[in-house]
Amino acid sequence: MHPAIQSRLSTYPDWLQTRLGNYFEKLCAGLGDVGSLDQVNPSFLDELMRVWACSDYVAESLSRFPQWLTEWQAQPAFLQDPVQEDALYQRLCELAGEVNDEAALMRSLRIFRRREQVRLIWRHTLALGDYPTLVGEISALAEVCIRFALEHLHRLLCDKYGTPIGRRSNLVQSMLVMGLGKLGAHELNLSSDVDLIFAYPESGETNHPERPLDNQQFFTRLGQRLIHVLDSVTADGFVYRVDMRLRPYGGSGALVLNFASFEDYYQNQGREWERYAMIKARVVAGGDEASRAQLMKIIRPFVYRRYVDFSSFQSLRDMKRLILSEVHRKGGDQNIKLGAGGIREVEFIVQACQLIYGGRDGSLQQPGLMPVMARIKAVGMLPAEWMEQLEAAYIFLRRLEHAIQGLADKQTQMLPSDARECQRVAWGMGVERWDEVVQACGEQRQRVAAIFHEFLHDSQEAGEAGDSEALLRWRSLWVRFDEREPWLAALQAAGFEAPEASWQQLQVLRECRAYGAMSAEARERFERFLPLLMETVAAGGQPSCTLERVLSLVKVILGRTVYLVLLYENPQALAQLCHLCAESPWIAEHLAKSPVILDELVDVAHLYHLPQRDELADELRQRLLRIPEEDLEAQMDALRTFKQSHMLRVAASELGGQLPLMKVSDYLTWLAEACLQEALQICWHQMVAKHGVPEGLEEGMGVRGFAVIAYGKLGGIELSYSSDLDMVFLHDTDDYGSTNGPRPINNQQFYTRLGQKLLHMLSTRTTQGLLYETDMRLRPSGNSGMLVSSVSAFERYQDKDAWTWEHQALVRSRFIAGDPVVAEEFERVRSAIIGRQRDAAALRSEVLEMRQKMRQAALNKLGSEQAARDHIKQGEGGLIDIEFITQYGTLLYAHQEPALLRWSDNIRLLEALQQAQCFDPDAMAFLQDAYRELRTALHRKSLAGEGYQPDLSEFPETRARVMAIWRSVFEA
């Protein structure tokens, strides 16, 4: 070991000496002809040792490229001085030289990025530049790499396909790359992905003399190649992880759009959260000044309204609530970005001000966070003290983020848990002890969290409950719990209908293992919560019953007392919890299974306000955008939490009388559709990343060649709280073709695996439960058939082999997710099968035979003729009888009544049968009312739990009339 190294190593802990010594041995071996450590300036050697102590990435990079060390020592300005974007671009051109193919381009970019990344980590560790300068350089590096790659790839594609020309202007077209997030704000992390959107001015085609290519296809291929060049991991690493999910229509949208399509989307379909996302948008590469200005002119009116936008307050409160709920769900104390008081909360406050006031104050219409913070402070939009604290906290947290990421060039915002990593991050922050970092971080985050809590505060929210006499009494009773008589007296005085049972339930809670394992702090939280619970329960009807239901949830959350805090800090949420549990044991069980959705109770207006179908899908997309594409577990949990949250909201609205039966079913069906569509997108993305797309399909265009067909209650828009999903999967590509990816497989295998992945996504039980139970038995040939059928095979089966009962099932089928082209093919087949002319006698016989088989199966299952007869679904005059009448009528008359081909739900089909006078119109009108009445009873059963079992004996008149109509239809 070189003496100069040995002496310096001795100043570091033993565990680090070995690691640094190994790096220096590699460095000395690599220096070879370019020099030796004897030629290194001692002060430069000290800096090198300090940087290596804080970053394995720098140490590994210099061990691999030792010549950089020699160059930098000879040119101290390389490390000392900041570098402007133009100078960076010139450096890259000099390093790359002539780039004539994609492989050379990829290698040059990766080596260049590594060298500049080492320089930036060096400057950060040694505090050689302030925060704005450092993040500006990091952002400039990304822009240079994107620009260089775009220019070279554009040239390579033009050589192959010709130059794209605008159809209207006849001018050469270029692709513009828009950066969002921290890249757009000139505040990129040391190790961050880049959020991009691609656009081009106008449609047209290339000027290739023999095989011109449509501009859309040209720029789609250019975008795909750009992503590949930047994002792919090779032996030289990667350049940047690329995220395209913020583009119009997200993962299902085209990879690149022309300006006209851009304008149409943001004028007519852009959502509130997309305004928030597009605040930081700016063009980072491609195009000339005119086209750049034109693109931003499209975006700016969408983001900034012409007036002080007070209409944004509630949507921003919703975003704030979503951020808070994610903090609760993720336990984000260790995450300096997403946790309480983290970077995201600072960003939210600043960007919310931009959305609200940016239309009036043009100085707020800029992507950078720091300049906007200065403007907010200058004009007094928020208190100056707030802005000073937020700015100080933001810079501290971003510096800490860089110190964490600089260790290994990994995209993380988690505080390290390993003591050695903690020490190295502390050195990277310029302090000697990790506890100094933790203390400073805690103080900064507390200030941010306090401001975040006050920001956009709703004055109508209930304040904290005081210590009333009742609260003090319950608290004192808990302290001396073993005194039975005082407890019984207090429970009886408070109106508990079963004081002895309530006291025993509390005793079970106190003696359970989870309570015994609580820490002192957790127990203190519980003792603050319990008196509030007792007082709130006592204020309602049947408090003993309500207490029993709520305590089933409390037992679950004893080990996660953050939920207790949520409830005692939000008395309105606690009141809603007790009210809903009193009304429905199903809700109590639902919350006990999914306590993560308790935050839905905080905002009562939000709880009882259900978004429309498009808004529902958009909200789910927004949640999934926050999750890295590769984090499948987090995506699955997000889908489950979303479903559970909205089922709670539906149940609350139904119990509150705001949602009639038909709307309940509609909403539960929309919810399932949204979850299915996003789950399919996730599975498609995974399959394409691994295998490519099936031959003949365009890449980057969302799900192609595959469709999910809903049957049963999902197909009939009649889902209930406990329904499973009856589905059939279809594909419409050549069975003998193959995919075009790195691991090609044949098309049939591709779609089969896609279907399997989707079922796994839906029905696998995670920490948040399962998404939906699934049933694939209605596919051709049932369980013995292929999981995914081609449209042609499906058509042959339905035409030649399907039983009449399968055609009955087809009546309640419809497309819900996947490729619209396949949807059209399915609809053609469905219409042809249902709309064929049938022999009435044969059809009647087959339908009656199937109904008899179902009645016998119900008898065998229930074991009692009376139970089978009175069963609300299977009994005579029950729901199945109404459904069979509907399906029989549809199959019998659809060839002459096109309206019967349009619908898949029983109510609309009955309406169509009524209007066409296929049967007695009065009878069909009655069946609609009867169907609603009996389904309402089933919904009540779902919410009421096992204690309520409705049967047909409760509806004698309805049953008798349905049976009479049955006889008139089938015995006429």
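The residue numbers shown here count from 1 along each chain, following its written sequence. In view of the model being predicted, local features appear only for residues whose pLDDT reaches at least 70, and side-chain atom pairs are presented and counted only at 80 or more, with totals across whole chains, interfaces and linings using the full set of residues. Excluding hydrogens and water, the side-chain figures rest on all heavy atoms present in the structure.

1. Some remarks on the overall build of the protein
Here is step 1: What counts as a helix is a DSSP run of H or I of at least four residues, what counts as a strand is a run of E of at least two, and both are numbered from the N terminus. Secondary structure summary: the protein contains 45 helices and 12 strands in total.
Here is step 2: The C-alpha radius of gyration computed for the protein amounts to 33 Å, which stays within 12% of the reference 30 Å derived for 972 residues, consistent with globular compactness.
Here is step 3: Projected onto its principal axes, the C-alpha coordinates of the protein cover approximately 105 × 90 × 55 Å.
Here is step 4: Burial classes: relative accessible area under 20% of the type maximum marks a residue as buried, over 50% as exposed, and values in between as partly exposed (1.4 Å probe, protein chains only). Residues classed as buried in the protein amount to 56% of the 972 residues present.
Here is step 5: Working definition of accessibility: Shrake-Rupley area with a 1.4 Å probe, residue cover restricted to the visible protein chains. For the protein, the exposed area adds up to about 40,400 Å²; of that, 48% sits on carbon and sulfur atoms.
Here is step 6: As used throughout, the charge tally considers Lys and Arg to be positive and Asp and Glu to be negative, leaving His and the chain termini uncounted. Note on charges: their place is set at NZ of Lys, CZ of Arg, CG of Asp or CD of Glu. Once the 106 positive and 131 negative side-chain charges of the protein are each reduced to a mean point, those two points are 1 Å apart. Here the globule rule is a power law, 2.2 Å times the number of residues to the power 0.38, and the radius of gyration is based on C-alpha atoms.

2. Brief notes about the confidence of the model for the protein
Should the pLDDT be low somewhere, the predicted coordinates at that spot are not to be read in detail.
Here is step 1: Residue-level pLDDT values for the protein average 88, and 94% of them are 70 or greater.
Here is step 2: Contacts from residues 459-466, a stretch scored under 50 in pLDDT, to residues over four places away or in other chains number 7 contacts. For every residue, the pLDDT score states the predictor's confidence, bounded by 0 at the bottom and 100 at the top. Any two residues whose heavy atoms approach within 4.5 Å are treated as being in contact.

3. Some points on the nonpolar core
Here is step 1: One finds Trp 487, Phe 526, Leu 533, Leu 577, Met 727 and Phe 729 to be the most contacted residues of the largest nonpolar core, which totals 110 residues.
Here is step 2: The dominant element in this core, judged by the number of residues it contributes, is helix α33 (residues 661-691), at 15 residues.
Here is step 3: Residue types Ala, Val, Leu, Ile, Met, Phe, Trp, Tyr and Cys, when buried and joined through side-chain atoms within 4.5 Å, form a set referred to as a nonpolar core. With 83 residues, the next largest nonpolar core counts Trp 52, Ile 138, Leu 150 and Leu 157 among its residues.

4. Re the environment of Leu 355
Here is step 1: Note on placement: Leu 355 falls in helix α16 (residues 343-357).
Here is step 2: With a relative accessible area of 0%, Leu 355 lands in the buried category.
Here is step 3: C-alpha separation for the pair Leu 355 and Val 303, spaced 52 residues apart in sequence, amounts to 6.9 Å.

5. With respect to the pattern of salt bridges
Here is step 1: The salt bridge criterion pairs a side-chain nitrogen of Lys or Arg with a carboxyl oxygen of Asp or Glu, the two atoms within 4 Å. One pass over the full model with this rule turns up 44 salt bridges.
Here is step 2: With a shortest N-O distance of 3.6 Å, Asp 799 and Lys 800 are connected by a salt bridge.
Here is step 3: Arg 851 is the partner of Asp 881 in a salt bridge, and the nearest nitrogen-oxygen pair spans 2.7 Å. Here Asp 881, found in helix α41 (residues 879-893), pairs with Arg 851, found in helix α39 (residues 840-862); they are 30 residues apart in sequence, far enough to count as distant.

6. Side note on the packing of helix α37 (residues 804-811) against α41
Here is step 1: Between α37 and α41, whose axes approach to 9 Å, the crossing angle comes to 95 degrees. Between α37 and α41, the crossing angle belongs to the class labelled roughly perpendicular. From α37, Thr 804, His 807, Gln 808 and Val 811 reach across to α41, where they touch Phe 884, Gln 887, Thr 890 and Leu 891.
Here is step 2: Of the residues contributing to the contact of α37 with α41, the split by class is 3 nonpolar, 5 polar and no charged. Lines are fitted to the C-alpha atoms to define the axes, a helix being fitted only along its stretch in contact, and any angle between axes, read from their N-to-C directions, falls within 0 to 180 degrees. Each angle receives one of four descriptions, namely roughly parallel if under 35 degrees, roughly antiparallel if over 145, roughly perpendicular if within 65 to 115, and oblique otherwise. Under the grouping applied here, Gly and all other residues not named as nonpolar or charged are polar, the nonpolar ones being Ala, Val, Leu, Ile, Met, Phe, Trp, Tyr, Cys and Pro and the charged ones Asp, Glu, Lys and Arg.

7. Some words on the packing of helix α2 (residues 14-31) against helix α19 (residues 419-428)
Here is step 1: Where α2 contacts α19, the axes come no closer than 11 Å and their chain directions differ by 75 degrees. Considering the angle they form, α2 stands roughly perpendicular to α19. Seen from α2, the contacting residues are Trp 15, Leu 16 and Arg 19; seen from α19, they are Arg 420, Gln 423, Arg 424 and Trp 427.
Here is step 2: When its residues are assigned to classes, the contact of α2 with α19 shows 3 nonpolar, 1 polar and 3 charged.

8. Here we look at the pairing of strand β8 (residues 706-711)
Here is step 1: Counting buried residues in β8 gives 6 out of 6 residues, a clear majority hidden from the surface.
Here is step 2: With burial as the criterion, each face of β8 is covered, one bearing Phe 706, Val 708 and Ala 710 and the other bearing Ala 707, Ile 709 and Tyr 711.
Here is step 3: One bridge is not enough; two strands pair if DSSP finds at least two bridges between them. In the sheet, β8 pairs with strand β9 (residues 725-731) via 6 bridges, with the strands oriented antiparallel. In the sheet register, Ala 710 faces β9, and the bridge partner there is Met 727.
Here is step 4: In terms of strand pairing, β8 meets strand β12 (residues 814-818) through 4 bridges, oriented antiparallel. Considered in β12, the bridge of Ala 710 is made with Arg 814.

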